Amino acid sequence: MKVFRPALASLAIAAALVALPCARAQWNPPNPVVSFQKQGDSLEVSQKAGLLRLQVCAPDVLHVTYSAAGMSAPPRPSDHVVIKKAWPAADFNVTSDDKSVTLTTALLKVVIERESGAIHYFSAGGDNLTTDSYRSLRPVDVNGENTFHAEVFFAIYGSHEGLYGLGQHQAGVWNYRGETVDLSQENTNIAVPLLVSSNGYGIFWNNPSPSRANNRFIHSLYLSAEVADRIDYYFIYGPGADQIIGHYRDLTGQVPLFGRWAYGFWQCKNKYQSQQELESVAAKYRELHIPVDNIVQDWFWWVTMGEMKWNPNYPDPQALIDTLHKEHFHLMVSVWPFFRPGTEVYDQFDRNGWFVAKTLTGGFHPVGQALYDATNPDARHQYWANVNAALFQKGVDAWWLDTDEPETEGREDNILVDHKLAVGSGARYANTYPLFHAGGVSEGQQAASQQKRVFILSRSAYAGSQRYGVTAWSGDVLSDWVTFHRQISAGLNYAISGMPYWTTDIGGFISGGNLNDPQFRELFVRWFQFGTFSPIFRVHGTRNPDENELWSYGPENQKILVDYDTLRYRLLPYIYSEAWQVTSNHSTLMRPLVMDWRTDVVAQNTGDEYLFGPSILVSPVYTQGATSRTVYLPAATWYDFWTGDTIAGGKHISADAPLAKLPLYVRAGSIVPMGPAMEWSTEKPADPIELRIYPGADGDFTLYEDENDNYDYANGAHATIPLHWDDATHTLAIGASQGTYPGMLPQHTFRLVVVGKDHGTGIGETAAANTTIHYSGEAVSVRP
């Protein structure tokens, strides 16, 4: 029988509208529809109290704005965040009856009630997504500016959806259903206003002022902002999180690829005190043959903050950098957005009016320490010029942008909210400081050279920061088990906010880092295991005694740490290829389970495990003394990474987890490329490559390669090799290589390993491959 699906969808929507509980905001004045018109790419709806506009950006993306009645077209305060200004034309229809006005695209049906102005969002198939029930703009005076407090009430009565994203927050909450989240910048908390629902939609709240997502009453979701000319959000239909994230990045900027070295191990502590100490630590890593690519100089390498002048403990910075480079280390240096008085550069910024505010009382920072205005293009330009002359031209490789919320200790409100910026009221733009700051550094470096890819480690971020080569870290967190546990959900929510690069201070930053305490050593090992499977792999923290290298934790623990470090390097072909998917295909490296099992209620509420790339399920151990942990395996067939045992999914299991073992499971159908062990990321060509094939389902993987640094990859200088596993025929198809780049290997040796019990397991190379192929770029199929 032929089924007329559009008719069924219409019946489903009609039934859903009848079944919806009353979603009226009964304490607010009525705001009925007065008239409507289809105009260009938009539907404009005049309501009693304002003008509602739904711009059809794409069949699955609507830009929703609402302005108070009588207002002229307001300015666009979000232009610094949303960079996509034009969209290809998308077909849509508008129909009406006596009860509603309906906008229909190929993927969405939006029904606006005439009586109330409520907006009901449905998929084209009739699935009820959510309801924007009421929009309000309340006049307020903020920071001397006549503006509005904006609020949208979403009625989600009876829905069982999970709510995720909103950046990085530290309450240990994964699913924000029933929670309230403040969207404001603070050390350890990062505001990114993308909300993702397991119901299949996302809302990008397009307002950079301090905002809030309030779902304390589980049936009502309120999104509000302290400063607004209008209500402004993008409604994005997935239904998968990857599609939602893809459109978020279309709006706010795509993610560049880091140099291959950035995906290796980062050595750091609070803090190296001298040139001699940095050089000796680097030399010992090479002497012990421990894999590492990067070393970090934290704060107070300077004479005076803001001056960018090395203090006498670093008598020859150029020689330091040259020595590190000869040892195959990259150097990252901490720079702050603050300036202390007493230098020519301070006086220059002060004369030009480039400071936002100065400290009024002495303490850790002296009186008169000033925050520069990163929204001022001239100030940004000079800030980079100073960094460039003192550091980049000498060869520094990466930037640690610390305290760029900006840090405002001793007061609850961000210092920006009651000050003026070059771009406007600080209250209006309070959440965007890290975006402007990172943008100045990133654009400055790219203008100076295209030969070194930008890497920025930032303590804060905002929507759009991903386009500037920013990795956020979770801030100055405590060194304890509870805090470690909280980092997992913090990182997963940050990832599903569309922000793919994130890390933590492995071991925690402060309070409890006693190297002689066996309990802290255990914590460090478990945190390090988690870090091995974080997008960026970095140790840092304050320790007693003052060291934080892998040999600082005792011989037994050192072996475990080096084993996981080695595993990270063996996985670089997998990690770098997946990083290319982040850049080229909107992918996400650290994947909460809800991204791949959206309708699985257990997956929706599992915030302590995740997929690393498409294949590897990671279950961090965050309980002191634990030798096992409960792991949820979603519906699939899974392989124990360490033993090759297969396990049917869709259930919880008890996973063996002695201190040396992080529970890892690989999904059937996966193809995981593993390279040779190496001491830095480019010590050897990525060859031979062991292709671990996990049978039980069809699978695909695209191996990516390029010159490992510079921006030529963005202009086509890279190569990909498609891999496909056909499980029914037990055949691996290696497609023809696509693309070229300077220095490309003329041939690859692929060692094909079909994983099974005690075969193709663990960290080391598999002794006997099933088949070895010498691949020269032409398509080939083989049954290993």
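Residues numbered from 1 in each chain as written. Predicted model: local features only at pLDDT ≥ 70, side-chain atom pairs only at ≥ 80, totals over all residues. Heavy atoms only, no water.

A.B. asks: Which parts of the structure should I look at to understand the packing of aromatic side chains?
C.D. replies: Any pair of aromatic rings gets described here by the distance separating the centres and the angle formed by the planes. Under the criterion given, the structure shown has 64 aromatic pairs. Look at Tyr346 and Phe355: their rings are 5.0 Å apart centre to centre, the planes differ by 45°, and that puts the pair in the tilted class. With a relative accessible area of 6%, Tyr346 lands in the buried category. Accessibility expressed as a relative area gives 13% for Phe355, which makes it buried. On the basis of an interplanar angle of 85° and a centroid distance of 6.4 Å, the ring pair of Trp580 and Tyr713 is categorised as edge-to-face. Remark: Tyr713 occurs in the loop between β41 (699–705) and β42 (719–726) and Trp580 occurs in helix α11 (residues 572–585); sequence separation between them is 133 residues. Residue Trp580 is classed as buried on the basis of its relative accessible area of 13%. Taken together, Phe258, Trp261, Tyr263, Trp266, Phe455, Tyr501, Tyr576, Trp580, Tyr704, Tyr711 and Tyr713 form an aromatic cluster joined through their ring pairs. Between Lys84 and the ring centre of Trp87, over which it is positioned, the NZ or CZ distance is 4.8 Å. Between the NZ or CZ atom of Arg135 and the centre of the ring of Tyr66, over which it lies, the distance is 5.5 Å. (Phe/Tyr/Trp six-rings, centres within 6.5 Å; stacked < 30°, edge-to-face > 60°. Buried < 20%, exposed > 50% of the residue type's maximum accessible area, 1.4 Å probe, protein only. Helix = DSSP H or I, 4+ residues; strand = E, 2+ residues; numbered from the N terminus. Lys NZ or Arg CZ within 6 Å of the ring centre and 35° of its normal.)

A.B. asks: Where do I start with the packing of helix α3 (residues 275–288) against helix α4 (residues 317–326) in this structure?
C.D. replies: Helix-helix packing is characterised by the crossing angle of the two axes and by the distance between the axes. Packing of α3 against α4 brings their axes to within 10 Å, and their N-to-C directions diverge by 5°. Classified by the angle their axes make, α3 and α4 are roughly parallel. On α4, the residues that touch Gln275, Leu278, Glu279 and Ala282 of α3 are Pro317, Ala319, Leu320, Thr323 and Leu324. For the contact of α3 with α4, the residue count by class is 6 nonpolar, 2 polar and 1 charged. (Axes fitted to C-alpha atoms, helices over the stretch in contact; angles between N-to-C directions. Parallel < 35°, antiparallel > 145°, perpendicular 65-115°, else oblique. Contact = heavy atoms within 4.5 Å. Nonpolar A, V, L, I, M, F, W, Y, C, P; charged D, E, K, R; others polar.)

A.B. asks: Help me out: how do you make sense of the side chain of His247 in this one?
C.D. replies: Assignment of secondary structure puts His247 in helix α2 (residues 241–252). Other than its neighbours up to four places away in sequence, His247 contacts Asp60, Val61, Trp87 and Ile236.

A.B. asks: How do you make sense of the pairing of strand β9 (residues 128–142) when you look at a structure like this?
C.D. replies: Side-chain direction in a regular strand flips from residue to residue, so the side chains alternate between the two faces of the sheet. Taken together, the 4 bridges between strand β8 (residues 119–123) and β9 define a ladder with antiparallel strand orientation. By the bridge assignment, Tyr121 is partnered in β9 with Thr130. Connecting β8 to the antiparallel partner β9 that follows it, the hairpin turn spans 4 residues, and Gly126 within it adopts a positive phi of roughly 100°. Here β9 pairs with strand β10 (residues 145–155) via 11 bridges, running antiparallel. Opposite Asp141, over in β10, you have Asn146 as the bridge partner. (Pairing = 2+ DSSP bridges.)

A.B. asks: Where do I start with the environment of Leu51 in this structure?
C.D. replies: Topologically, Leu51 is positioned in strand β3 (residues 50–58). You can call Leu51 partly exposed: its relative accessible area is 35%.

A.B. asks: What's the story with the packing of helix α5 (residues 344–351) against helix α6 (residues 377–390) in this structure? I'm lost.
C.D. replies: Between α5 and α6, the shortest axis-to-axis distance is 11 Å and the interhelical angle comes to 170°. Accordingly, the angle class assigned to the pair α5 and α6 is roughly antiparallel. For the pair α5 and α6, contact is made by Val345, Gln348 and Phe349 and by Ala379, Gln382, Tyr383 and Asn386, respectively. Considering only residue class, the contact of α5 with α6 consists of 4 nonpolar, 3 polar and no charged.

A.B. asks: Teacher, can you tell me more about the sheet that holds strand β23 (residues 370–372) here?
C.D. replies: Through backbone hydrogen bonds, the strands of a sheet pair up, either in parallel or in antiparallel fashion. If you trace the 3 strands from one edge of the open sheet to the other, you get β21-β23-β22, paired in antiparallel fashion. With one partner strand each, in any of the chains shown, β21 (338–339) and β22 (355–358) form the two edges of the open sheet. Two elements, β21 and β23, share 2 bridges in a ladder whose sense is antiparallel. Opposite Phe339, over in β23, you have Ala370 as the bridge partner. Contacts between α5 and the sheet are confined to β21, β22 and β23, with β22 contributing the most and set at about 110° to the helix.

A.B. asks: Please clarify how the sheet that holds strand β32 (residues 610–612) should be interpreted in this entry.
C.D. replies: Spatial ordering of the open sheet is given by β31-β32-β33-β38-β35-β36, a layout of 6 strands whose pairing is antiparallel. One side of each edge strand has no neighbouring strand; the edge strands of this open sheet are β31 (590–592) and β36 (646–648). Strand after strand, the sheet turns through a mean of 35° between neighbouring axes, direction not considered. Relative to strand β38 (residues 664–667), strand β35 (residues 637–640) runs antiparallel, the two being bridged by 3 bridges. Paired with Tyr639 across the two strands is Val666, which belongs to β38.

A.B. asks: For this particular structure, what's the right way to read α2?
C.D. replies: Within an α-helix, residues lying three or four positions from one another point in the same direction, as the helix has 3.6 residues per turn. Taking 1.5 Å per residue as the helical rise, α2 with its 12 residues ought to reach 16 Å, and the 16 Å between its terminal C-alpha atoms agrees with that figure. One or two positions beyond α2, positive phi appears at Gly253, with a value near 125°. (Expected span 1.5 Å × (residues − 1).)

A.B. asks: Which parts of the structure should I look at to understand a negative patch on the surface?
C.D. replies: On the surface, a cluster of negative charge is contributed by Glu186, Glu226, Glu409, Glu412 and Asp413. By the secondary structure assignment, Asp413 is in the loop between β24 (398–401) and β25 (420–421). Of the residues examined, Asp413 reaches a relative accessible area of 47% and is grouped as partly exposed. (Patch = residues over 30% accessible without salt bridge, like charges linked within 9 Å, V, L, I, M, F, W, Y side chains within 5 Å. Areas by Shrake-Rupley, 256 points an atom, 1.4 Å probe, with all protein chains shown as cover. Salt bridge = Lys/Arg side-chain N within 4 Å of Asp/Glu carboxyl O. Lys, Arg positive; Asp, Glu negative; His and termini not counted. Charge placed at Lys NZ, Arg CZ, Asp CG, Glu CD.)

A.B. asks: Explanation requested: the pattern of salt bridges in the structure shown.
C.D. replies: Opposite charge on two side chains permits pairing when their charged atoms draw close. Taken as a whole and judged by the stated rule, the model has 28 salt bridges. Put simply, Arg591 and Asp242 hold a salt bridge, and the shortest N to O gap is 2.7 Å. Note that Arg591 is positioned in strand β31 and Asp242 in helix α2, a separation of 349 residues in sequence. Among the residues examined, Arg591 registers a relative accessible area of 6% and is labelled buried.

A.B. asks: Hey, could you run me through α3 in this one?
C.D. replies: If you check α3, its first and last C-alpha atoms are 20 Å apart, about what 14 residues at 1.5 Å a residue would give, namely 20 Å. Buried within α3 are the following residues: Gln275, Glu277, Leu278, Val281, Ala282, Tyr285 and Arg286. Looking at the buried side of α3, the elements it contacts are β18 (265–267), β19 (294–297) and α4. At the exit of α3 stands His289, carrying a positive phi of roughly 60°.

Everything listed is a geometric property; what it means functionally is a separate question.
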